[in-house]
Amino acid sequence: MEYSSLRVKDVIKEFHPGGRLGQHSFGERVDAVGFCLFLKTYLEVDEFPEDFCQRLFRYFQHFEQNGSTKSGVFLRDVSCYFSVLEEGQPREKLEFTFKLYDKDGNGLLDSSEVDRIITQMMRAADYLGWDVTEIRPVLKDMMTAIDVDDSGTVTLEEWLKGGMNNVGHSTMTERDGQHIWRMKHFNKPTYCSVCQSMLLGLGKQGLCCTCCKYTVHSQCANKNPEPCARTFVKSKKEVAAHDWIRADCNSTKCQVCHKKIKTLVGRRCVWCQEMRHDECLFSGLSTCECGPLRDHILIIVNELHNPSDPNLFCIFLQIVPIPDTHPLLVFVNPKSGGKQGERVLRKFQHLLNPRQVYNLSNGGPAPGLHFFRNLHKYRILVCGGDGTVGWILDAIDLQVRPPVAVLPLGTGNDLARCLRWGGGYEGTDLREILKEIEAGELVSMDRWSIRVIPDDPQEAGDPVPYEIINNYFSIGVDASIAHRFHSMREKHPQRFNKNNLLFCFYQCCGRSVDLSSMSLEGIAVLNIPSMHGGSNLWGESKKPDSVPEMEPSEVITDPELLKTISQDMSDKRLEVVGLEGAIEMGQIYTRLKSAGHRLAQTSQITIRTIKALPMQIDGEPWMQPPCTIHIIHKNQANMLMAAPTKPSGFFHLK
């Protein structure tokens, strides 16, 4: 914390008995007023936003052991947290932390005290936006190694020696230029960039930086490694400069002298990926054009300091866009697609500026959208499933709506299929995907508001999962809720009989449609031509040449005319399809049958049900008691559609 001239250890003395602020501490805790005074004193400000102070106070309360919410917070946890973020020597921080948690002053830390230290270190790492998925086991291993005599306690000498020779604290003391270490197994001979000896051993042999791929032994991480790639520059003069890092160039040819680069005698520019010998660094082009990913990279970022700002604990950065570029804001759901999300997150942190890549598990999309709020020309890439895409679209609903591309993770991914991004990520080089995004076509996608009004508000039912439809809405039997439907039928057979859908009626733009003459077990309201992993329930439309062009109508129910209607996600129309049952659904999914029964195309729809029925929105199911459902057009989202892989119709699916 460069904006404070005071040290945490000096400030906490004020809370000791007899200190200036001693009346606000009781035992090991400090009350809310004392906490606010701690912040004002430490940060040397006269005023501090009350609401922000309260949020921080509750934050430290929330993470106390066993979920305790007693009044006050542990002063040592607050002190440990902020001391980790301070500038200073690792040894000094280690000694301060040891004494802070050695409650009885016996010169030993027991296992519970060590666990508390690990928790606070994890909290600080998470706040800094680091990848913490593997930090906890690394810290645990470090603590085990520190206890050299296996006594179950750690002495100050063991603490200092272990802390200075392990990765734990080194990752906590860096600012810009910090490495994001990750334990890794290497499939080919790899050398430590510090001691230049080979990484040996079974399993994970060393540490690799997620962002710049700098590689070291675990014990070399604290031996003054070269800094990581810069995430911002401090003046516009530095914008066009290369950022060279040590790299294993694998006999790649130098792009200045065109001779092969031997192991550990070359460097790579993290932005343009150009490789040179050490002695060739200052030859050739002196400016960096950011290479093939120039249009996506967020490169001009200035650090600002403003102690009076309400968001005091954020790193203050201001984006100054490069002319004629469209920086890419990347959101990754690490839980999507098994381990796919975590791998994609690391790859994008390497390819782009880590400050433009956001882990949705850490605060959702709000931090990224806030950071990009002043940019007018940027794109968004959502890495996840349809639910993740809907989450992001909801978040940008009230802002400038940048175009959104999708990297589908996991299975299903109906929206991604319609936008030609495919049904799932298969390990394609992400640089190729970034090229496709750059060449993507801007299309509009309708979004629909859905309101479910129960006949009896007191009757128990599941909560409605969404208020917006992006893909589809369905009632009754379909693939994603069939298992739940049949389990409910077995449990309550009297409620399902022949599984027929019983509606009073449904209305399209006020026009009533009677379904009593049709034997249906499901109805689907479609916005896009894909459902449950690529099934097109509307089917293909062939428009005879003899049919003249017609003005679009708010509602079409004529069976012959419906045969000529094609789907379009931007026409502000929904397609309504009837489904006879699970067998028909299976036939459609296996392509044995082309489509369901076309019922209508409409700009709004009202459905009234008279019994409890299973329903779903965009793949999220629930059981709904009798109700009235209103669906109307809400707005349109800007989406990016990939170029077709071969000449085809508008909705060619990969």
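What you see as residue numbers is a count from 1 along each chain, following the sequence as written. Thresholds applied to this predicted model are a pLDDT of at least 70 for local features of residues and 80 or more for the giving and counting of side-chain atom pairs; totals over whole chains, interfaces and linings are not thresholded and use all residues. Side-chain descriptors were evaluated using all non-hydrogen atoms of the structure, hydrogens and water having been removed beforehand.

Under an unreviewed UniProt entry, the name given to the protein is Diacylglycerol kinase, and the source organism is Dicentrarchus labrax. Here the protein is described in UniProt, under the heading Sequence similarities (unreviewed entry), as follows: "Belongs to the eukaryotic diacylglycerol kinase family." Turning to the protein, the UniProt record has this under Pathway (unreviewed entry): "Lipid metabolism; glycerolipid metabolism." UniProt positions are given in the numbering used here, feature names are shortened, and annotations may be inferred rather than shown by experiment.

A. Region of interest: helix H12 (residues 386-395). Residue burial is assigned from relative accessible area. The probe radius is 1.4 Å, only protein chains are included, and a residue is buried under 20% of its type maximum, exposed over 50%, and partly exposed in between. Secondary structure follows DSSP: runs of H or I at least 4 residues long count as helices, runs of E at least 2 residues long count as strands, and numbering of each begins at the N terminus. Looking only at H12, the buried set comprises Asp386, Thr388, Val389, Gly390, Ile392 and Leu393. Here a residue-residue contact requires only that any non-hydrogen atoms of the pair lie within 4.5 Å. Next to the buried residues of H12 lie strand S14 (328-332), strand S16 (379-384), strand S17 (404-408), helix H13 (414-418), strand S18 (441-454) and strand S30 (627-641).

B. Summary view of unusual backbone geometry. The phi angle at His258 is positive, at roughly 65 degrees, despite the residue not being glycine. With phi around 50 degrees, Asp618 is a residue other than glycine that occupies positive phi space. Relative to the helices and strands, Asp618 resides in the loop between strand S28 (613-617) and strand S29 (620-624).

C. A look at the confidence of the model for the protein. Per-residue confidence for the protein gives a mean pLDDT of 76, with 71% of residues at or over 70. A residue's pLDDT is simply how confident the predictor is in it, with values from 0 to 100. Scored below 50 in pLDDT, residues 164-174 makes 32 contacts in the model with residues more than four places away or belonging to other chains. In the model, residues 496-502 has pLDDT below 50 throughout and makes 23 contacts with residues more than four positions away in sequence or in other chains.

D. Here's a closer look at the sheet that holds strand S7 (residues 206-209). Taken in spatial order, the three strands line up as S6-S7-S8 in an open sheet, and their pairing is antiparallel. Each edge of the open sheet carries a strand with a single partner, namely strand S6 (181-184) and strand S8 (215-216). Strand pairing is defined by DSSP finding a minimum of two bridges between the two strands. Bridge count for S7 against S8 is two bridges, and the pairing is antiparallel. Counted as the bridge partner of Cys208 is Thr215 from S8.

E. Here's a closer look at the packing of aromatic side chains. Paired rings are identified among Phe, Tyr and Trp, the last through its six-membered ring, by centres lying within 6.5 Å, and are further divided according to the angle between planes into stacked (under 30 degrees), edge-to-face (over 60) and tilted (the rest). Tallied over the full model, the rule gives four aromatic pairs. Geometrically, the ring pair formed by Phe371 and Phe372 is edge-to-face, given 6.0 Å between the ring centres and 75 degrees between the ring planes. Look at Phe371 and you get buried, because its relative accessible area is 15%. Each member of the aromatic cluster is reached from another via a ring pair, and the members are Phe371, Phe372 and Tyr378.

F. Looking closely at the side chain of Asn413. Its location among the elements puts Asn413 in the loop between S17 and H13. Note on Asn413: relative accessible area 3%, which makes it buried. Here Gly423 takes part through its backbone oxygen, which lies 2.8 Å from a polar atom of the side chain of Asn413. Think of a polar contact as two N or O atoms within 3.5 Å of one another; within protein, one of them needs to be a possible hydrogen donor and the other a possible acceptor, and neighboring residues in sequence only count if both atoms come from side chains.

G. The pairing of S16, seen in detail. Within S16, six of the six residues are buried, which leaves the element mostly enclosed by the surrounding structure. Residues Arg379, Leu381 and Cys383 line one face of S16 and the alternating positions Ile380, Val382 and Gly384 line the opposite face, and both faces are buried. Where S14 meets S16, five bridges bridge the pair, whose relative direction is parallel. The residue of S16 that forms the bridge with Phe331 is Val382. As defined by bridge partners, S16 adjoins S17 across five bridges and the pair is classed as parallel. Within S17, the residue paired with Ile380 across the bridge is Val404.

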